[in-house]
Amino acid sequence: MHTHASTALGHASAQRPRTGTPHAATGRFRQVKTALTVFLLGLFYIAPWVRWTRGGESSQAVMFDASAQRFYLFGLEFWPHDLPLLLGLLIFSAAALFFVTSLFGRVWCGFACPQTVWTDLFFAIDRRVDRMLGRDHPLGQWAKTGVHVVVAVFTGFTFAGFFTNIVELGPQFISGEASIVAYVTIGVLTFTTYTLAAHARENVCLHMCPWPRFQAALLDPESLVVTYQNWRGEPRARARVPLRPEIATLDSSAYIMPRVANPSVTGSNAATTYRGDCIDCGKCVSSCPTRIDIREGLQLGCIGCGLCIDACNTVMERIGRPHGLINMAPELSAVGGCAGKSVRIRLFRAKPMFFASIMMVTGSAMAWALATRSDVSAAVEHQRQPPFVKLSDGSIRNDYTLRFSRLGVHDSNVEIRVEGLDGAAIRLSNSAQASFTQGARRSFSDRVMVTVPKASVPKVRVPIAFVITDRETRAPVARLETYFWGPGGVR
Ligand code: SF4
Ligand code: SF4
């Protein structure tokens, strides 16, 4: 990463906010960030309250039913055997994160990471309390803490509501009748939300999160990152110092396209008499949620939120200079010259295309898996030791383990028969019947015994199939192929 040296006029007199809350910036990045924050928080806080009719019963649209090992997402129901889909989703999400980072730097961190989103919410609370009570009101900090705690508890409660019926959880929580697991979940989420968003804040991004450490490896020279246009801003000085003539006379198009280096116009020649566009107001630093000075170059602490861009653009408007002293541009452009050539930014580059291809492969595989997904999971396993049992009347018995589960909220009544063996009798270990009921939201597992009378016993191993049929509709539900072992073994 580029590290810019001190300017000819010394270090910036960055104005840090007194309260620990960054100054509010206004502009396009702030608008996008606010819209995304409202959308993501709304999604989290509202989702568990959305109802969905499942099997004729009103239920939650989104719910992790831990006791039944199910995840419900509107009309979809996922079981533990859908774990490969989750794996696919994780790979897809990781590739999408790498793809976006290789194009636009740490926009995930700046706009969508839960730490950023909740910290932004808590910053907004602090600013609102300051506006209502005044910055130095003696009760200001108490008021902020009170609101922080309420939001943290509600966050913990909402999180717990994804795992149980949230409508019932409210009264149970207040009356002390909720389960101990619910109280622990709410307590842990309340504590982490309050600690991370009200106190740790930017320190999580700066010191605790591993992501910044390897995001640099995902960038390439054409990645767009938040960049201070050093060639244009330096040397920085108060507004009353005259502007460098060579940037004062440029037409506005020169500021739009990022430029590559042109040593003849990088600006340091006018250090003592002229200034660049930066008037050293410190607004970019005081608006920064991680309190870094982007003028020192791209740093690990920069989460790519763009709020310094908004802050600086406001300053540029005020002093009558074009936007973009800080902008989203290849890092190379920071040391560019205003008479240099444009930096070429290609969309089809090795890193973004590599991650895009992973997204396409995993996305297609998941779509195919979802489209062809069966609502029945069934498996039969032949018991190997011993492979068969000879009974006193000369008949031969084979034992199998059957596992069966069927999506849905109702009990499933099915019967089972064997194909491929004349005269075979079939029963389950705990019943004389060849039928069973799989309870709703439960899996069924039992030992199945197949007995063939002496006259029909096959000499060697023969292929057979278990056919499972719905007892009410008579519709076939599953067909499981396996073998029946005769006394001669495998031939
Ligand atoms: S906001 Fe702009 S003008 Fe002010 S210090 Fe930052 S870069 Fe310079
Ligand atoms: S320097 Fe600060 S304000 Fe600017 S993008 Fe990075 S984190 Fe955001």
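Residues numbered from 1 in each chain as written. Chains lettered and ligands numbered in written order. Predicted model: local features only at pLDDT ≥ 70, side-chain atom pairs only at ≥ 80, totals over all residues. Heavy atoms only, no water.

1. Focus: the nonpolar core
So, point 1. Ranked by internal contacts, the top residues of the largest apolar core, which has 25 residues, are Leu402, Phe466 and Ile468.
So, point 2. For this core, the secondary structure elements donating two or more residues are strand 8 (376-382), strand 10 (396-406), strand 11 (412-419), strand 12 (425-428), strand 14 (444-452), strand 15 (462-470) and strand 16 (476-484).
So, point 3. Filtering out sequence-adjacent residues up to four positions away, Leu402 remains in contact with Ala379, Val380, Ile416, Phe436, Phe444, Ser445, Asp446, Val448, Ile468 and Leu480.
So, point 4. Core analysis: the next-biggest nonpolar cluster, separate from the first, contains 20 residues, Cys302, Ile309, Val315 and Ile326 among them. (Core = buried A, V, L, I, M, F, W, Y, C linked by side-chain atoms within 4.5 Å. Buried < 20%, exposed > 50% of the residue type's maximum accessible area, 1.4 Å probe, protein only. Helix = DSSP H or I, 4+ residues; strand = E, 2+ residues; numbered from the N terminus. Contact = heavy atoms within 4.5 Å.)

2. Some words on a nonpolar patch on the surface
So, point 1. A surface patch of nonpolar side chains, about 550 Å² in accessible area, is lined by Ile46, Val50, Trp52, Leu73, Phe74, Leu76 and Leu370.
So, point 2. Its relative accessible area of 34% is what places Trp52 among the partly exposed residues. (Patch = residues over 30% accessible without salt bridge, like charges linked within 9 Å, V, L, I, M, F, W, Y side chains within 5 Å. Areas by Shrake-Rupley, 256 points an atom, 1.4 Å probe, with all protein chains shown as cover. Salt bridge = Lys/Arg side-chain N within 4 Å of Asp/Glu carboxyl O.)

3. As for the UniProt feature "transmembrane region" (unreviewed entry) in the protein
So, point 1. Here, UniProt's "transmembrane region" (unreviewed entry) annotation points to residues 32-50, 71-99, 146-166, 178-198 and 353-371.
So, point 2. Helix makes up 59% of residues 71-99 and strand 21%, and the two end C-alpha atoms of the span are 28 Å apart.
So, point 3. Helix makes up 81% of residues 146-166 and strand 0%. Its end C-alpha atoms lie 24 Å apart. (UniProt positions renumbered as here; feature names shortened; annotations may be inferred.)

4. Regarding the site of ligand 1
So, point 1. In the neighbourhood of ligand 1, 13 residues make up the surrounding shell, with Cys278, Cys281, Gly282, Cys284 and Cys312 lying closest.
So, point 2. A per-class count over the shell around ligand 1 returns 9 nonpolar, 1 polar and 3 charged. (Near = heavy atom within 4 Å. Nonpolar A, V, L, I, M, F, W, Y, C, P; charged D, E, K, R; others polar.)

5. A look at the environment of Ala440
So, point 1. Within the secondary structure, Ala440 sits in the loop between strand 13 (435-438) and strand 14.
So, point 2. As a C-alpha pair, Ala440 and Ser412 span 28 residues in sequence and 7.0 Å in three-dimensional space.

6. Overview of the packing of aromatic side chains
So, point 1. Counted under the stated rule, the structure contains 20 aromatic pairs.
So, point 2. Ring geometry for Phe44 against Trp118: centres 5.3 Å apart, planes inclined by 85°, an arrangement best described as edge-to-face. Of the two residues, Phe44 sits in helix 1 (residues 28-46) while Trp118 sits in helix 4 (residues 114-133), which places them 74 residues apart along the sequence. When sorted by exposure, Phe44 lands in the same class as Trp118, which is buried.
So, point 3. With centroids separated by 5.4 Å and ring planes inclined at 90°, the aromatic side chains of Trp52 and Phe74 adopt a geometry described as edge-to-face. Placement of Trp52 in strand 1 (residues 51-54) and of Phe74 in the loop between strand 4 (70-73) and strand 5 (76-78) is noted, with a sequence separation of 22 residues between them.
So, point 4. On the basis of relative accessibility, which here comes to 35%, the residue Phe74 falls in the partly exposed class.
So, point 5. A connected cluster of aromatic rings, assembled from ring pairs, spans Phe44, Tyr45, Trp49, Trp118, Phe154, Phe157, Phe162, Phe173 and Tyr183.
So, point 6. Seen from the ring of Trp485, Arg461 lies directly overhead, with NZ or CZ sitting 5.5 Å from the centre. (Phe/Tyr/Trp six-rings, centres within 6.5 Å; stacked < 30°, edge-to-face > 60°. Lys NZ or Arg CZ within 6 Å of the ring centre and 35° of its normal.)

7. What to know about the side chain of Arg244
So, point 1. Looking at the secondary structure, you find Arg244 in the loop between helix 10 (230-233) and helix 11 (245-248).
So, point 2. One polar contact links the side chain of Arg244 to the main-chain carbonyl oxygen of Trp231, over a distance of 3.0 Å. (Polar contact = N/O pair within 3.5 Å; in protein donor to acceptor, adjacent residues only side chain to side chain.)

8. Considerations on the pattern of salt bridges
So, point 1. As enumerated under the stated definition, the model contains 22 salt bridges in all.
So, point 2. Between Asp280 and Arg295 there is a salt bridge, with the nearest N and O atoms lying 2.9 Å from each other. Remark: Arg295 occurs in the loop between helix 13 (283-286) and helix 14 (307-318) and Asp280 occurs in the loop between helix 12 (253-256) and helix 13; sequence separation between them is 15 residues. Per residue, the accessibility class of Asp280 equals that of Arg295, and both read buried.
So, point 3. When the shortest N-O distance is used, the salt bridge between Glu419 and Arg417 registers 3.2 Å.

9. Some details on the packing of helix 5 (residues 140-161) against helix 7 (residues 180-200)
So, point 1. The contact between helix 5 and helix 7 brings their axes to 7 Å, and the two run at 135°. Viewed along their axes, helix 5 and helix 7 adopt a mutual orientation that is oblique. The handedness of the crossing between helix 5 and helix 7 is right-handed. Mapping the contact onto sequence places Thr145, His148, Val149, Ala152, Val153, Thr155, Gly156, Phe157, Phe159 and Ala160 in helix 5 and Thr185, Ile186, Leu189, Thr190, Thr193, Tyr194 and Ala198 in helix 7.
So, point 2. Considering only residue class, the contact of helix 5 with helix 7 consists of 10 nonpolar, 7 polar and no charged. (Axes fitted to C-alpha atoms, helices over the stretch in contact; angles between N-to-C directions. Parallel < 35°, antiparallel > 145°, perpendicular 65-115°, else oblique. Left-handed = near helix turned anticlockwise from the far one by under 90°.)

10. What to know about the side chain of Thr101
So, point 1. Mapped onto the secondary structure, Thr101 falls in helix 2 (residues 83-104).
So, point 2. Separated by 2.7 Å, the side chain of Thr101 and the backbone oxygen of Leu97 make a polar contact.
So, point 3. Contact partners of Thr101, with chain neighbours within four places excluded, come to Trp211, Gln215, Leu218 and Leu219.

11. Points about the sheet that holds strand 15
So, point 1. The strand order 13-11-15-16 describes an open sheet built from 4 strands, whose pairing is antiparallel. One side of each edge strand has no neighbouring strand; the edge strands of this open sheet are strand 13 and strand 16. With direction set aside, neighbouring strand axes in the sheet form an average angle of 25°.
So, point 2. In this structure, strand 11 lies alongside strand 13, joined through 4 bridges in antiparallel fashion. (Pairing = 2+ DSSP bridges.)

12. Things to note about unusual backbone geometry
So, point 1. Of the consecutive residues Glu234 and Pro235, the connecting peptide bond is found in the cis state with omega at -10°.
So, point 2. Going from Gln385 to Pro386, the amide bond is cis rather than trans, its omega being -10°.
So, point 3. For Pro386, the location among the structural elements is in the loop between strand 8 and strand 9 (389-390).
So, point 4. Although it is not a glycine, Phe74 adopts a positive phi angle of roughly 50°.

13. Observations concerning helix 5
So, point 1. Taking 1.5 Å of rise per residue, the 22 residues of helix 5 would be expected to cover 32 Å, and the 32 Å separating its terminal C-alpha atoms lies within 8% of that figure.
So, point 2. Of all the residues in helix 5, the buried ones are Gly140, Lys144, His148, Val151, Ala152, Thr155, Gly156, Phe157, Thr158, Ala160 and Gly161.
So, point 3. Buried residues along helix 5 sit in contact with helix 1, strand 2 (57-60), helix 4, helix 6 (166-175) and helix 7. (Expected span 1.5 Å × (residues − 1).)

14. Examining the sheet that holds strand 4
So, point 1. Sheet architecture is open: 3 strands sit in the order 3-4-5, paired in antiparallel fashion. One side of each edge strand has no neighbouring strand; the edge strands of this open sheet are strand 3 (62-65) and strand 5. Averaged over all adjacent pairs, the angle separating strand axes in this sheet is 10°, with direction ignored.

15. Observations concerning the packing of helix 1 against helix 14
So, point 1. For the pair helix 1 and helix 14, interaxial distance at closest approach is 7 Å and the crossing angle is 140°. Counting all contacts with helix 1, which are made through Arg28, Phe29, Arg30 and Lys33, the residues of helix 14 involved are Leu307, Ile309 and Asp310.
So, point 2. A class-by-class count of the residues in the contact of helix 1 with helix 14 yields 3 nonpolar, no polar and 4 charged.

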